[in-house]
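So you can see what is in the structure, the chains are spelled out below.
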Amino acid sequence: MVYILAAILVFGVLIAVHELGHFVVAKLSGIAVLQFTIGFGPAIWKKNIGGTVYALRALPLGGAVMMQGEGEDETEVLLTGKTAEAEAGEETPAPKGISFMEASLLKRFLVTIAGASMNLIAGVLILFILMMPATQRIDPTLDSFMDGFAYSGENGFQVGDKL
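Within any chain, residue numbers begin from 1 and follow the written order of that chain's sequence. pLDDT decides what is reported in this predicted model: residues at 70 or higher carry local features, side-chain atom pairs at 80 or more are listed and counted, and totals for whole chains, interfaces and linings draw on all residues regardless. Think of the side-chain values as coming from all heavy atoms in the structure, minus any hydrogens and water.

(A) Spotlight on the packing of aromatic side chains. Paired rings are identified among Phe, Tyr and Trp, the last through its six-membered ring, by centres lying within 6.5 Å, and are further divided according to the angle between planes into stacked (under 30 degrees), edge-to-face (over 60) and tilted (the rest). Scanning the entire structure with this criterion turns up 6 aromatic pairs. When the ring of Phe 145 is compared with that of Phe 149, the centres are 5.3 Å apart and the planes differ by 5 degrees; the resulting orientation is stacked. These aromatic residues form a ring-pair network of at least three members: Phe 145, Phe 149, Tyr 151 and Phe 157.

Put into structure tokens, the structure is as follows:
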């Protein structure tokens, strides 16, 4: 059971990093983001800030960044059965920015690849952090052989050879 919970936690973090990539690049590109959500199903926590609904949902096995002009109604219905307007509550401020489809082709491309790029960067950082404590360097010099090793001697490997 602990392994299942650990796997869900790791996948949740990777999904959050992935969606954060889309979100940050969309915001920097001036695209209006309607919702940034991690997980599926009913919202455990949500807050509307500047027209963007930030939500944490019950099942942490997915996520979404819904931008204006990319079919947000269909996506929201698929996620929760509710539209973004119904979920956000009463009067909500309009999100600032242009729609996804109004953005230049370059901006749309950058938003699209930002998620995978963030996962790649996260993987490199995780490997770097895991390798930081490694201080031992393996010396490739032969210092001895087991008794009866057939490939040692004058015509084979010798003590002091470097591999």
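Picking up after the structure, the text goes on.
(B) Representation of the nonpolar core. Core analysis: the biggest nonpolar cluster contains 12 residues, these being Phe 23, Ala 26, Ile 31, Val 33, Phe 36, Ile 38, Tyr 54, Val 65, Met 67, Phe 100, Ala 103 and Val 111. Elements with a contribution of two residues or more to this core: helix 1 (2-28), strand 1 (33-49) and strand 2 (52-67). Contact definition: two residues touch when any of their heavy atoms are within 4.5 Å. Setting aside residues up to four positions removed in sequence, Val 65 forms contacts with Glu 19, His 22, Phe 23, Val 33, Gln 35, Phe 36 and Glu 70. Among buried residues, the Ala, Val, Leu, Ile, Met, Phe, Trp, Tyr and Cys ones that are joined through side-chain atoms within 4.5 Å form a nonpolar core. Burial here depends on accessible area, computed with a 1.4 Å probe over protein chains only, as a share of the maximum for the residue type. Under 20% is buried, over 50% is exposed, and the range in between is partly exposed. Helix and strand assignments come from DSSP, with helices taken as H or I runs of at least 4 residues and strands as E runs of at least 2, each series counted from the N terminus.

(C) Region of the structure containing helix 1. Between the first and last residue of a helix there are one fewer steps than residues, each counted as 1.5 Å, and that sum is the expected span. With 27 residues, helix 1 extends 39 Å between its outermost C-alpha atoms, agreeing within 8% with the 39 Å of an ideal straight helix rising 1.5 Å per residue. Looking only at helix 1, the buried set comprises Gly 12, Ile 15, Glu 19, Gly 21, His 22, Phe 23 and Ala 26. Contact partners of the buried residues in helix 1: strand 1, strand 2 and helix 4 (105-131). Following helix 1 by one or two positions, Gly 30 adopts a phi angle in the positive range, close to 85 degrees.

(D) Structural context of the side chain of Arg 57. Structurally, the position occupied by Arg 57 is in strand 2. Side chain to side chain, Arg 57 and Gln 35 meet in a polar contact 2.9 Å long. We define a polar contact as two N or O atoms separated by no more than 3.5 Å, with the added condition that, inside protein, one atom must be a possible hydrogen donor and the other a possible acceptor, whereas residues neighbouring each other in sequence contribute only through side-chain atom pairs. Engagement of the side chain of Arg 57 in a polar contact is seen with the backbone oxygen of Gly 41, the distance being 3.0 Å.

(E) The side chain of Thr 52, seen in detail. Within the secondary structure, Thr 52 sits in strand 2. Separated by 3.2 Å, the side chains of Thr 52 and Lys 27 make a polar contact. The contacts of Thr 52, once residues within four sequence positions are left out, are Phe 23, Lys 27, Val 33, Leu 34, Gln 35, Phe 36 and Lys 47.

(F) Broad picture of the environment of Ala 103. Considering the arrangement of structural elements, one finds Ala 103 in the loop between helix 3 (84-88) and helix 4. When the C-alpha atoms of Ala 103 and Ile 31 are compared, they prove to be 7.1 Å apart, with 72 residues separating the residues in sequence. Those residues in contact with Ala 103 that lie beyond four places of it in its chain are Ile 31, Ile 98 and Arg 108.

(G) Geometry of a nonpolar patch on the surface. Taken together, the side chains of Ile 121, Leu 125, Phe 128, Ile 129 and Met 132 make up a nonpolar region of the molecular surface, amounting to roughly 540 Å² of accessible area. Under the relative-accessibility criterion, Leu 125 is labelled partly exposed at 47%. A residue counts toward a patch only above 30% relative accessible area and without a salt bridge, and it is joined to like-charged neighbours within 9 Å or, for Val, Leu, Ile, Met, Phe, Trp and Tyr, to nonpolar neighbours within 5 Å. Only the protein chains shown count as cover for residues, and all accessible areas are computed by the Shrake-Rupley method using a 1.4 Å probe. Note on definitions: salt bridges are taken to be side-chain nitrogens of Lys or Arg within 4 Å of carboxyl oxygens of Asp or Glu.

(H) View of the confidence of the model for the protein chain. Per-residue pLDDT for the protein chain averages 83, and the proportion of residues at 70 or more is 85%. Mean pLDDT across the secondary structure elements of the protein chain bottoms out at helix 2 (residues 72-80), with 48, and peaks at helix 4, with 94. On a scale of 0 to 100, pLDDT captures the predictor's confidence in every residue.

(I) How the structure looks around the environment of Phe 157. With respect to the helices and strands, Phe 157 occurs in the segment after helix 4. On the basis of relative accessible area, Phe 157 is assigned to the partly exposed category, the value being 36%. Considered as a pair, Phe 157 and Ser 144 are 13 residues apart in the sequence and their alpha carbons are 9.9 Å apart. Residue contacts for Phe 157: discarding those within four places in its chain leaves Leu 142, Phe 145, Phe 149, Tyr 151, Ser 152 and Leu 163.

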